[in-house]
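Chain residues, written in single-letter form:
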Amino acid sequence: MLFKIFIFILISVAFARSKHTYYSLQVGAYPTEKITKQKIANFPIKDPDIHYRLVTVNGKNVYRLLIGKFSTEKEAENFKALFKTQTQINDSFIRKIEE
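Overview of the structure. (Residues numbered from 1 in each chain as written. Predicted model: local features only at pLDDT ≥ 70, side-chain atom pairs only at ≥ 80, totals over all residues. Heavy atoms only, no water.)

Moving on, we get to the overall build of the chain. A tally of helices and strands in the chain yields three helices and four strands. The order of helices and strands in the chain, counted from the N terminus, is α-β-α-β-β-α-β. By residue count, 27% of the 99 residues in the chain fall in the buried class. The contacts in the chain between residues at least 6 apart in sequence include a share of 62% that link residues at least 24 apart. Carbon together with sulfur atoms contributes 57% to the accessible area of the chain, which is approximately 7,200 Å² in total. (Helix = DSSP H or I, 4+ residues; strand = E, 2+ residues; numbered from the N terminus. Buried < 20%, exposed > 50% of the residue type's maximum accessible area, 1.4 Å probe, protein only. Contact = heavy atoms within 4.5 Å. Areas by Shrake-Rupley, 256 points an atom, 1.4 Å probe, with all protein chains shown as cover.)

Right, dumping it as structure tokens:
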């Protein structure tokens, strides 16, 4: 029994280490990919790290519009402050992304 628990822990640690984690600034969420791509095309800044991710929330597909792939939450917070002053967009928040 102890051996099985040990193997489970080893597998869990290996799986956790294989995940790539970063932080992004979420600036929107839309019901379709088409709308999301239109929002990106018309976005007030042309950042090369504007991207989106499809997620399921309460059984519905949602496309999250994200900016940046920051290594730390602090880097994302610094970007958010700069973004807010340059765009006057206040409705954004930091999201932790695990791939």
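What the rule picks out here adds up to four aromatic pairs. In this structure an aromatic cluster arises from ring pairing among Phe-43, Phe-70, Phe-79 and Phe-83. (Phe/Tyr/Trp six-rings, centres within 6.5 Å; stacked < 30°, edge-to-face > 60°.)

All right, on to the environment of Lys-60 then. Secondary-structure assignment places Lys-60 in strand 3 (residues 60–70). In this structure, the C-alpha to C-alpha distance between Lys-60 and Pro-31, residues 29 residues apart in sequence, is 8.2 Å.

Whenever strands of a sheet pair, they do so through backbone hydrogen bonds, lying parallel or antiparallel. With antiparallel pairing, the four strands of this open sheet are ordered in space as 2-3-1-4. Of all the strands in the sheet, just strand 2 (50–57) and strand 4 (93–98) have a single pairing partner and so form its edges. Each adjacent strand pair in this sheet contributes to an overall mean axis angle of 45°, direction not counted. Looking at chain direction, strand 1 (residues 21–30) and strand 4 are connected through six bridges and run antiparallel. By the bridge assignment, Ser-24 is partnered in strand 4 with Arg-95. Strand contacts of helix 3 (residues 73–87): strand 1, strand 3 and strand 4, with the helix running at about 40° to strand 1, the strand carrying the most contacts. (Pairing = 2+ DSSP bridges. Axes fitted to C-alpha atoms, helices over the stretch in contact; angles between N-to-C directions.)

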